[in-house]
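If you want the building blocks of each chain, they are given just below.
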Amino acid sequence: MAQITLSKLAHSYFPNPKSESEFALKEMDHVWDDGGAYALLGSSGCGKTTLLNIISGLVRPSHGRVLFGATDMTDAPTAERNIAQVFQFPVVYDTMTVRDNLAFPLRNRGKDAAYVKARVDHIAAMIGMEARLNHKARGLTADAKQKISLGRGMVREDVNAILFDEPLTVIDPHMKWELRTQLKQLHREFRHTMIYVTHDQTEALTFADKVVVMYDGRVVQMGTPQDLFDTPAHTFVGYFIGSPGMNLFDADIAGSHAALLGVQVALGAAYGPIKGRTQIGIRPEFVTLTAGQGVPVRILRVEDVGRHRIIRAEAGGKPLNIIAPEGQPIGTDLTHAAFAPDRISVYADDWRVTPATATRKVA
Amino acid sequence: MDKTQNNKAWFLVLPVLALVAFSAVIPLMTVVNYSLQDTFGNNEFFWAGLEWFEDVLDSDRIKDALGRQILFTGIILAIEVPLGIFVALNMPKKGFWASFCLVLMALPLLIPFNVVGTIWQIFGRVDIGLLGHTLAAMGVDYNYTNDVFDAWATVIIMDVWHWTSLVALLSYAGLQSIPEAYYQAAKIDQAGRLAVFRYIELPKMQGVLLIAILLRFMDSFMIYTEPFVVTGGGPGNATTFLSIDLVKQAIGQFDLGPAAAFSLIYFLVILLISWVFYTVMTNLDKRDGV
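Just so it is clear, the model here is predicted, and its values are computed rather than measured.

Peer 1: Can you break down the overall build of chain A residue by residue, with the values?
Peer 2: Helix and strand counts for chain A come out as 9 helices and 22 strands. When burial is assessed residue by residue, chain A has 53% of its 363 residues classed as buried. Long-range pairs, those at least 24 residues apart, make up 67% of the contacts in chain A with a sequence separation of at least 6. Accessible area of chain A: about 15500 Å², with a carbon and sulfur share of 53%.

Peer 1: An account of the domain arrangement of chain A is requested, with residue identities and associated values reported.
Peer 2: Residues and elements named next belong to chain A. The domains assigned to chain A are domain 1 (4–239) and domain 2 (245–352). Relative to domain 2, the C-alpha centre of domain 1 lies at a distance of 38 Å. Counting residues at the interface gives 13 residues for domain 1, matched by 13 residues for domain 2. Between domain 1 and domain 2 the total buried area reaches about 1100 Å² when both faces are included, carbon and sulfur atoms providing 58% of it. Arg 343 is paired through a salt bridge with Asp 230; the nearest N and O atoms lie 3.0 Å apart. At the surface where domain 1 touches domain 2, the tally comes to 8 residue pairs in polar contact (both at pLDDT 80 or more). Counting residues per element, the ones that place at least two in the side of domain 1 that touches domain 2 are strand E10 (218–223), helix H8 (225–230) and helix H9 (235–240).

Peer 1: Run through the UniProt feature "transmembrane region" (unreviewed entry) in chain B, naming residues and quoting values.
Peer 2: Residue and element names in this part refer to chain B. The feature "transmembrane region" (unreviewed entry), as given by UniProt, occupies residues 12–36, 70–89, 96–123, 151–175, 196–218 and 259–278 in the numbering adopted here. The span residues 96–123 shows a helical share of 93% and a strand share of 0%, and its end C-alpha atoms are spaced 31 Å apart. Counted over residues 259–278, helix gives 100% and strand 0%. Its end C-alpha atoms are 28 Å apart.

Peer 1: A description of the interface of chain A and chain B should follow, citing residues and the corresponding values.
Peer 2: Listed per partner, the contact involves 25 residues of chain A and 22 residues of chain B. There are 8 residue pairs in polar contact (both at pLDDT 80 or more) connecting chain A and chain B. Elements represented by at least two residues in the side of chain A that touches chain B include exactly helix H1 (48–56), helix H2 (78–81), strand E6 (83–86) and helix H3 (98–108) of chain A. Split into classes, the residues belonging to the side of chain A that touches chain B amount to 12 nonpolar, 7 polar and 6 charged.

What counts and what doesn't
Residues numbered from 1 in each chain as written. Chains lettered and ligands numbered in written order. Predicted model: local features only at pLDDT ≥ 70, side-chain atom pairs only at ≥ 80, totals over all residues. Heavy atoms only, no water. Helix = DSSP H or I, 4+ residues; strand = E, 2+ residues; numbered from the N terminus. Buried < 20%, exposed > 50% of the residue type's maximum accessible area, 1.4 Å probe, protein only. Contact = heavy atoms within 4.5 Å. Areas by Shrake-Rupley, 256 points an atom, 1.4 Å probe, with all protein chains shown as cover. Domains from an automatic or database assignment. Buried area = accessible area lost by both parts, 1.4 Å probe. Salt bridge = Lys/Arg side-chain N within 4 Å of Asp/Glu carboxyl O. Polar contact = N/O pair within 3.5 Å; in protein donor to acceptor, adjacent residues only side chain to side chain. UniProt positions renumbered as here; feature names shortened; annotations may be inferred. Nonpolar A, V, L, I, M, F, W, Y, C, P; charged D, E, K, R; others polar.

Here it is as structure tokens:
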């Protein structure tokens, strides 16, 4: 086990990348702590899988280094890295039995038979396949095959890290929940570094201690779920995390106020002069409907999701979502929306701006 | 429910029936007809019963030809299948060179059989052939018209040259259908090259390999043109395979009855062996399965 460091890492599938858009991964410096449980979140095609494959050595990065602890592993083949990886679609060795499938990674490393048997039985119990150990892997259902893939990923105890590439896509919802819980338990038990790729935020937030959000080949934020919720570092994080995502509006920032739709909105802090396109972001949880205070809105519809209601509204032609807690009245006299000042984030060209004064406090 | 009974629909089957009759049943029946009768010319036939079949089954000449046939087919399968897989494994996976290799591999398959025979007949000639002359110049005693071993070697190498591509192309198609994730998983699991072949590539190629082996078995078991053009079945009867022997009987000696009986037995042997091949290979992976 080791800490994994990505140093000035970038990757392009073109031999001589000319512009930044030709990079699948833009230059990044990140440290993955030993024993951390990370979720790698982002929309399809943002470079999540490329990043995983670089860590496991299936892809050699075109720029930068990969370090395990203090050892440079950039040019080390996959076998030397001792990493387990589970892929999105099930990979099983058809002609082998379930038992041989699970034992394969151990046998290839020359472990003795008694140890192999003990490990295989343990993992089989964990994935619920004890009864089918002697069946051929061919002919099993897709989710049974994926469970075998997961099992093969977890069967080795001494791995540096286990990488999961959207492993639960083909598994039915109930089993998904159970397997996720087991992964979490496995993590607590063995403290392997785990990186879990997904584009499902619930999956990411329940699994991980730290969530890494990628957007367009860049890691835009790495933090606890709470960080991502409170202070999204990029408008994409604001929009992607949360249900519904953050509301964003173009606004002119001057000191501790933002001019938005002809209304001065108070910010929780004062900002210096900002270059570029400025936006303010406010989560639906921190917007309240008022009878005249704040920005004028037009309510389009109200969705009752049980614990709260989501108000789909419009302000100046832009969508505005509001979460109204239970019991709060919604009426035709509520024509404006007020933003909680210390919950407003300011963005310049999509990146979060830190306030000039430190008056801001986050509960 | 009231169903209208109208058997006129059966007439719609007639065209297929006619087609099958002309393409298979009638020609086959003609052969059956010949196999049960004897003739002394003038289109006069006499009933002979199963006499010709008994003759054929007793004939040492045909047994020898069958032995040579089995040996030939066995050798070319033993060479072409592994060689074809080996070539397929080493072909580029994509890009210009992949297309280039595919075209190159397909070329021998496009050459008419008698042209292949002619090419090798001339290629191997000691007086003017590139191969034969070069070997002679190097001091190798090579002559496919005199020497049994040389004749066999020539015919086998010719078949390998002609048909290995088929096995290679089919295997290549099988290999191309393996998702990249399998190779990645094998790397993660630290599987060696041999294990990758044994547990990933071979199982995934099984379907196409079955087709390749069946096709090569049937084709080589019926081979006629190429060896006939190169060696004419000689020296002596050394390369007289079943088809060549059959044609000698039917057209050379005009022994219609024995030739017909021979044909039918030949046909049944191919059918039987193909069926055995197919059954064995499709059942191979079902052992201790689910």
